[in-house]
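# Structure assessment
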Amino acid sequence: MKKILYLFFAFYIITISGQGKKFFETGEVILKNPVEKINLKYTNQLPFVQVSINGKSYNFLFDSGAPTVISSAVYKELNLEKLHKSKVKDSQKNKQEQIFTELPEMIVDNVVFKNIGAIVMDFTVSEMECFKMDGIIGANQMAKLFWRVNYSENSLETSKDLSNFDLNGYDIVFPFEAKPQKTPVIETKILNKKIILTFDTGFSGRLKADPSFYDPKNAAVKGIQTYGTNAVGAFGGGKPETGSIFKLSELSLGNKDFPNQIIMTGNSNLIGNEFLKDFTFILDWKNNKIYLKRIKNDPPKLESFGFGYRFIDAKPVVVFVFEDKDLPIKIGDSILSIDAVDLDHLNEESACSYFINRVEKDKDVIDIKIKRDGAVLDFKLNKKEYLK
């Protein structure tokens, strides 16, 4: 969590229907070689792969926190059959009724998946449209194989046999339980309270926990109060709420203690890519274990300008702030420009470009012009390190 410059993504779709349990068991997979290398593009702290359906290429998120999903557009293109409809909820606890279908065949490089259960979703809503996503390779699909992931090298490998992956050096082990959709969840404790964390490669942040796990009055734990919406789920952003970002001197995960971990409160309990990018990790649904080998030692650091914003109708609006007495930015401020870059006259395409490639990225000082209650205000902001 080096920089809180924009909202985190956590799709994390959960089915709440009993009918869905059998649905996530369907399908088979065929490999040409003992170990298959999969194209992977790790960008904006999210992993994407290219898949082929009926000879056409599509962009899918590799997301252990969600089941397999296809876009409404793909569903219509393929003229697939609706098996049933059921309500699902995302990481922000938004609920919608969605179509459940079965995808006859999906090819990922040399890996062929057949008859995989999939949920149908509209990917043109909120910021998801900017990623040009066509679907999600989810946990129910992943669970049929073993996977080795290394974000630093854009490396993704899969096999039907764990012995094809050398476990030498993978000295960290996270035992997990699998939810009905096969999503891995890990049990641990935060401040002596039991917590179940979803292992979520669709979450771009580090660690997230329900607000009940942190008391702002606890002087023994460093923390900063926040307000607003700090994440976007499958169905959009959550409701604005008071929250915290706090620092634990130590967090036990599996057989390892991790020092000085920074945790953000929110609607879900998650461990995501800001944590995982420092490791090569292997996902093993047969033995319900995740094996990790450290490849970086990048201590968690919280650096931020103290606010986050979304593009609403192609205009950037502040939706998240630190409760910092020196921060002049407020929830609801319309951002007109950052460092003289005009952000007030954008079309959807250019808004997506600035959403993904933030003007303030990698900067330590910015000049920001905002509009509030009809008045135009100019501020110079310095990036600060919090929770030192």
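Residues numbered from 1 in each chain as written. Predicted model: local features only at pLDDT ≥ 70, side-chain atom pairs only at ≥ 80, totals over all residues. Heavy atoms only, no water.

### Considering the nonpolar core
Trp147 and Phe174 are the most contacted members of the largest nonpolar core, which has 61 residues in total. The biggest single contributor to this core is strand 11 (residues 111–121), with five residues. With sequence-adjacent residues up to four places away left out, Trp147 is seen in contact with Ile38, Phe62, Phe113, Met142, Leu156, Glu157, Thr158, Phe165, Phe281, Ile282, Leu283 and Trp285. Within the second largest apolar cluster, 39 residues are counted, among which are Cys130, Val321, Leu327 and Leu343. (Core = buried A, V, L, I, M, F, W, Y, C linked by side-chain atoms within 4.5 Å. Buried < 20%, exposed > 50% of the residue type's maximum accessible area, 1.4 Å probe, protein only. Helix = DSSP H or I, 4+ residues; strand = E, 2+ residues; numbered from the N terminus. Contact = heavy atoms within 4.5 Å.)

### Brief notes about the side chain of Asp284
Within the secondary structure, Asp284 sits in strand 26 (residues 279–284). This buried residue, Asp284, is left without a salt bridge; Lys289 holds the nearest opposite charge, at 6.9 Å. Apart from residues lying up to four places away in sequence, Asp284 is in contact with Phe146, Leu162, Phe176, Lys289 and Tyr291. (Lys, Arg positive; Asp, Glu negative; His and termini not counted. Salt bridge = Lys/Arg side-chain N within 4 Å of Asp/Glu carboxyl O.)

### Some thoughts on the pairing of strand 11
Most of strand 11 is tucked away, with nine of its eleven residues classed as buried. Inspection of the sheet shows strand 3 (residues 28–31) paired to strand 11 by four bridges, in the antiparallel sense. Residue pairing in the sheet places Glu28 in a bridge with Lys114 of strand 11. One ladder, built from nine bridges, connects strand 10 (residues 95–108) with strand 11; its direction is antiparallel. Across the sheet, residue Val108 finds its bridge partner in strand 11, namely Val111. With antiparallel pairing between neighbouring strands as the criterion, strand 10 and strand 11 make up a hairpin whose turn holds two residues, including Asp109 at a positive phi of roughly 55°. (Pairing = 2+ DSSP bridges.)

### Thoughts on the sheet that holds strand 27 (residues 289–294)
Spatially, 4-14-13-26-27-15 is the arrangement adopted by the six strands of the open sheet, whose pairing is antiparallel. A strand with exactly one partner marks an edge of an open sheet, and here the two such strands are strand 4 (35–39) and strand 15 (172–175). The sheet shows a mean angle of 20° between the axes of neighbouring strands, direction not considered. Relative to strand 14 (residues 155–159), strand 4 runs antiparallel, the two sharing five bridges. Each bridged residue has a counterpart across the sheet, and for Ile38 the counterpart in strand 14 is Leu156. (Axes fitted to C-alpha atoms, helices over the stretch in contact; angles between N-to-C directions.)

### Regarding the packing of aromatic side chains
Scanning the entire structure with this criterion turns up 18 aromatic pairs. Here Tyr42 and Tyr151 contribute two aromatic rings whose centre-to-centre distance is 4.1 Å and whose plane-to-plane angle is 10°, an arrangement assigned as stacked. In this pair, Tyr42 is assigned in strand 5 (residues 41–43) and Tyr151 in the loop between strand 13 (146–150) and strand 14, connecting sequence segments 109 residues apart. In this structure, Tyr42 and Tyr151 share a single accessibility class: buried. Cluster of aromatic residues (ring-pair linked, three or more members): Tyr42, Tyr151, Phe199 and Phe281. Its end group placed over the ring of Tyr309, Arg358 keeps NZ or CZ at 4.0 Å from the ring centre. (Phe/Tyr/Trp six-rings, centres within 6.5 Å; stacked < 30°, edge-to-face > 60°. Lys NZ or Arg CZ within 6 Å of the ring centre and 35° of its normal.)

### Structural notes on the environment of Asp344
Among the structural elements, Asp344 can be located in the loop between strand 32 (341–342) and helix 5 (348–356). Classification of Asp344 as partly exposed rests on a relative accessible area of 22%. The spatial distance from the C-alpha of Asp344 to the C-alpha of Ala314 is 8.2 Å, given a sequence separation of 30 residues. Excluding its chain neighbours within four sequence positions, the residues that come into contact with Asp344 are Lys315 and Leu336.

### Points about the confidence of the model for the chain
Summarising the model, the chain shows a mean pLDDT of 90, and 91% of its residues fall at 70 or more. The model gives residues 1–6 a pLDDT under 50, and that stretch makes 35 contacts with residues more than four places away or in other chains. (pLDDT = per-residue confidence, 0-100.)

### Regarding helix 5
Ala351, Cys352, Phe355 and Ile356 are the residues of helix 5 that are buried. Taken around the axis of helix 5, the buried residues stretch over an arc of 130°, which confines them to a single face. The N-cap residue of helix 5 is Asn347: its side-chain oxygen and the backbone nitrogen of Glu349 are 3.2 Å apart. (Arc of directions from axis to C-beta. Polar contact = N/O pair within 3.5 Å; in protein donor to acceptor, adjacent residues only side chain to side chain.)

### Let's talk about unusual backbone geometry
One non-glycine residue, Asn54, lies in positive phi territory at about 55°. As for its position among the elements, Asn54 is in the loop between strand 6 (46–53) and strand 7 (56–62). Residue Asn54 is classed as exposed on the basis of its relative accessible area of 70%. Phi is positive for Asn79, close to 55°, though the residue is something other than glycine.

### As for a negative patch on the surface
A cluster of like negative charges, contributed by Asp122, Glu129, Asp313 and Glu348, occupies part of the molecular surface. Checked against the element boundaries, Asp122 lands in the loop between strand 11 and strand 12 (135–137). (Patch = residues over 30% accessible without salt bridge, like charges linked within 9 Å, V, L, I, M, F, W, Y side chains within 5 Å. Areas by Shrake-Rupley, 256 points an atom, 1.4 Å probe, with all protein chains shown as cover. Charge placed at Lys NZ, Arg CZ, Asp CG, Glu CD.)

### Some details on the state of the cysteines
Taken as a whole and assessed by the stated rule, the structure comprises one disulfide. Two residues, Cys130 and Cys352, share a disulfide whose sulfurs are 2.1 Å apart. Handedness of the Cys130-Cys352 disulfide follows from its S-S torsion of about -75°: it is left-handed. Highlighted residues: Cys130 in the loop between strand 11 and strand 12 and Cys352 in helix 5, separated in sequence by 222 residues. Judged by relative accessible area, Cys352 falls into the buried class, the value being 16%. (Disulfide = S-S within 2.5 Å.)

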